[in-house]
Amino acid sequence: MLKKKMYNTKTEMVYEKLKVDIVAGLLKQGEKIVAREVAVELGVSDIPVREALKKLESEGLVENIPHVGSRVSQINLQKAEEIFAIRLELESFAVRLAAENAKPEELKELQKLVDEMEDILQGEKELESVEIKNLSLLNTEFHNMLYQLSGNETLCEMIYSLKERSQYSQSVFMYLPERQKLSNKEHQLIVDALRIGDAMNAEKTLREQKAHAFEGFLNKIRLECKED
């Protein structure tokens, strides 16, 4: 369940909110970020916004262009393709291990996340930005928990490191709205397979889900690059 986060500083609050918007795809690659506008929207001075932008720049999510200002970083397609290829193998392996190690109480927690995502996806209307943001956060929490069930800390560290270097992939629900409901159906299939220890189908479903999401996301980015 998503909990309201408490922030220690205004800089941390601005940083987290901008990062979530970038990662969820609400701020698109190349989009300009005007510090004064962000400050007014969040009710802070310009200083914490500038500090937050510097931190995001250090993580590669934001770039500062001379005489232009801050904008969301452009995605390096070659690097993204390389990272996705490695993630596909590591995350599939983690799910195979999860089928062997997951405990019933852990699967109940995983099921709760699937149910929360399903609640957001109810109905036929297009999701609003706050719903896309929450869906993205729950999806990330689901996959992080899923990989933890592998019981292999080194493997999880490798996956999380690569995810940090490709956080923009979490914007798949913004770029590919058709994946929203389908993705959660796949989550349910994975949980169902884990319950009966079916490593083959759990891995197969995860691998297909990731392959379709990664390729669909990359195709959208390639198209945007051509249009630019």
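Our subject is the structure listed above.
Residues numbered from 1 in each chain as written. Predicted model: local features only at pLDDT ≥ 70, side-chain atom pairs only at ≥ 80, totals over all residues. Heavy atoms only, no water.

A. Expanded view of the nonpolar core. Within the largest apolar cluster, 48 residues are counted, with the highest numbers of intra-cluster contacts made by Leu110, Phe142, Leu146, Tyr147 and Leu194. Secondary-structure elements contributing two or more residues to this core are helix H4 (77-101), helix H5 (104-121), helix H6 (129-148), helix H7 (153-164), helix H8 (172-175), helix H9 (179-195) and helix H10 (199-227). No other element matches the nine residues that H4 contributes to this core. Each residue touching Tyr147, except ones within four places of it in the same chain, is listed here: Glu91, Ala94, Val95, Cys156, Ile159, Tyr160, Lys163, Leu206 and Lys210. (Core = buried A, V, L, I, M, F, W, Y, C linked by side-chain atoms within 4.5 Å. Buried < 20%, exposed > 50% of the residue type's maximum accessible area, 1.4 Å probe, protein only. Helix = DSSP H or I, 4+ residues; strand = E, 2+ residues; numbered from the N terminus. Contact = heavy atoms within 4.5 Å.)

B. Summary view of the side chain of Lys210. As for its placement among the helices and strands, Lys210 is situated in helix H10. Filtering out sequence-adjacent residues up to four positions away, Lys210 remains in contact with Arg87, Leu88, Glu91, His143 and Tyr147.

C. A look at empty space enclosed by the protein. Evaluation of the coordinates by the stated rule reveals one cavity of 30 Å³ or more. Forming the walls of the largest cavity are 19 residues, and the residues nearest its centre are Asn139, Ser169, Val172, Lys210 and Ala213. Secondary structure elements with two or more residues in the lining of the largest cavity: H6, H8, H9 and H10. No other element matches the five residues that H10 contributes to the lining of the largest cavity. (1 Å grid on protein atoms, 1.4 Å probe; cavity = no way out; pocket = protein on both sides within 12 Å on 5 of 7 lines; lining within 4 Å. Points joined across faces, edges and corners; volume = space filled by probe spheres on them.)

D. Broad picture of the environment of Val95. Positionally, Val95 belongs in helix H4. As a C-alpha pair, Val95 and Ile190 span 95 residues in sequence and 8.6 Å in three-dimensional space. If sequence neighbours within four positions are ignored, Val95 has contacts with Leu146, Tyr147, Ile190, Leu194, Ala202, Glu203 and Leu206.

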